[in-house]
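Each chain, letter by letter, is given below.
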Amino acid sequence: MNYNKAEFERSYGLLSQLPPSDAPEIAFAGKSNVGKSSLLNKLFNRKQLARVSSVPGKTITINFYNIDEIKFVDLPGYGYAKISKQELARFSDLMEGYFKSQRNIKLVVQLIDMRHPLSENDKGMITFLQQMNIPFIIVMTKADKLKKKAYEERLKLSKQELAFAGDVPVIPFSSVTGQGINGIKNYIEKSL
């Protein structure tokens, strides 16, 4: 698969707008500001194909990218409190509807910020993926922001925190250094 050929296809803000799932989909999920857009840009070898923001909650739509008839799906970040109840309801419908609408989801890349303990929202998302029987991997983002000792400690603790998820692959990742990108590509390609 030639990741350099990635093209932005379209954004959807409502479940009713989503197109039929006529191609394999690789979805990227995680809480707000965890680095989904940065990971996609690293994957696609582009600086700004996926819009990156330091402001949490910026991606409030489901964004589709296309590579060789495979859809890469950037899902809105969850867990950001500063949105209205109406927006939260729309977001919940969009996310749940995406996963429950018989889409051709081959893999979910679940992103977790390596610097922090697993949040309740992260646990809830992982449990949901397990209940829905959707294959997933866990990518620990922002690995470069930890010093060596803290990195080793968080890696050890995160394995304990993720024990409930079973034998799921866990890949430390840095959008700055590229650490983990080849491992992520391997899991994506194996899932297709």
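Here, every reference points to the structure presented above.
These lines cover the structure that appears in this document, whether it is placed above or below. Once a new chain begins, its residue numbering starts again from 1 and follows that chain's sequence as written. pLDDT decides what is reported in this predicted model: residues at 70 or higher carry local features, side-chain atom pairs at 80 or more are listed and counted, and totals for whole chains, interfaces and linings draw on all residues regardless. To get the side-chain values, take all heavy atoms of the structure and skip hydrogens and water.

1. Focus: the packing of helix α1 (residues 36-44) against helix α5 (residues 181-191)
Axes here mean lines fitted to C-alpha atoms, for a helix over just the part in contact, with angles spanning 0 to 180 degrees between N-to-C directions. Runs of E in the DSSP output that reach at least two residues are strands. Runs of H or I that reach at least four are helices, and both are numbered from the N terminus. Where α1 contacts α5, the two axes come as close as 11 Å, and the packing angle between them is 85°. Here α1 is positioned roughly perpendicular relative to α5, judged by the angle of their axes. In this structure, α1 uses Leu39, Lys42 and Leu43 to contact α5, whose residues at the interface are Ile181, Ile184, Lys185 and Ile188. We call Asp, Glu, Lys and Arg charged. Ala, Val, Leu, Ile, Met, Phe, Trp, Tyr, Cys and Pro are nonpolar, and the rest, Gly among them, are polar. Considering only residue class, the contact of α1 with α5 consists of five nonpolar, no polar and two charged. Here is the rule for angles: anything less than 35 degrees is roughly parallel, anything more than 145 is roughly antiparallel, 65 through 115 is roughly perpendicular, and the remaining ranges are oblique. Contact definition: two residues touch when any of their heavy atoms are within 4.5 Å.

2. Concerning the packing of aromatic side chains
Aromatic pairing here means that ring centres of Phe, Tyr or Trp (its six-membered ring) are within 6.5 Å. Orientation follows from the plane angle: under 30 degrees is stacked, over 60 is edge-to-face, and everything else is tilted. Scanning the entire structure with this criterion turns up eight aromatic pairs. On the numbers, 6.1 Å between centres and 75° between planes, the contact of Tyr3 with Phe72 is edge-to-face. Of this pair, Tyr3 sits in the segment before β1 (7-12) while Phe72 is found in strand β4 (residues 70-74), placing the two residues 69 residues apart along the sequence. With 5.1 Å between their ring centres and 80° between their planes, Tyr98 and Phe99 make a pair best called edge-to-face.

3. Describing the environment of Pro117
Checked against the element boundaries, Pro117 lands in the loop between β5 (105-113) and α3 (120-131). Partly exposed describes any residue whose relative accessible area lies between the buried limit of under 20% and the exposed limit of over 50%, with all areas from a 1.4 Å probe on protein chains only and scaled to the type maximum. Taking relative accessible area as the criterion, Pro117 reaches 52% and is therefore assigned exposed. Separated by 43 residues in sequence, Pro117 and Asp74 place their C-alpha atoms 23 Å apart. Not counting residues within four places of it along the chain, the set of residues in contact with Pro117 comprises Arg154 and Glu161.

4. Re the nonpolar core
If you look at the biggest cluster of nonpolar residues, it comprises 33 residues, and the most contacted ones within it are Ile62, Leu75, Tyr98, Phe99, Val108 and Ile138. If you list the elements that add at least two residues to this core, you get β2 (25-30), β3 (62-67), α2 (85-100), β5, α3, β6 (136-141) and α4 (148-161). Residues contacting Tyr98, with those up to four places away along its chain left out, are Leu15, Leu18, Glu25, Ala27, Ile62, Phe64, Val73, Leu75, Asp93, Arg103 and Ile105. Buried Ala, Val, Leu, Ile, Met, Phe, Trp, Tyr and Cys residues form a nonpolar core when they are joined through side-chain atoms within 4.5 Å. Of all hydrophobic cores here, the second largest spans 24 residues; its members include Leu39, Ile67, Phe72 and Val139.

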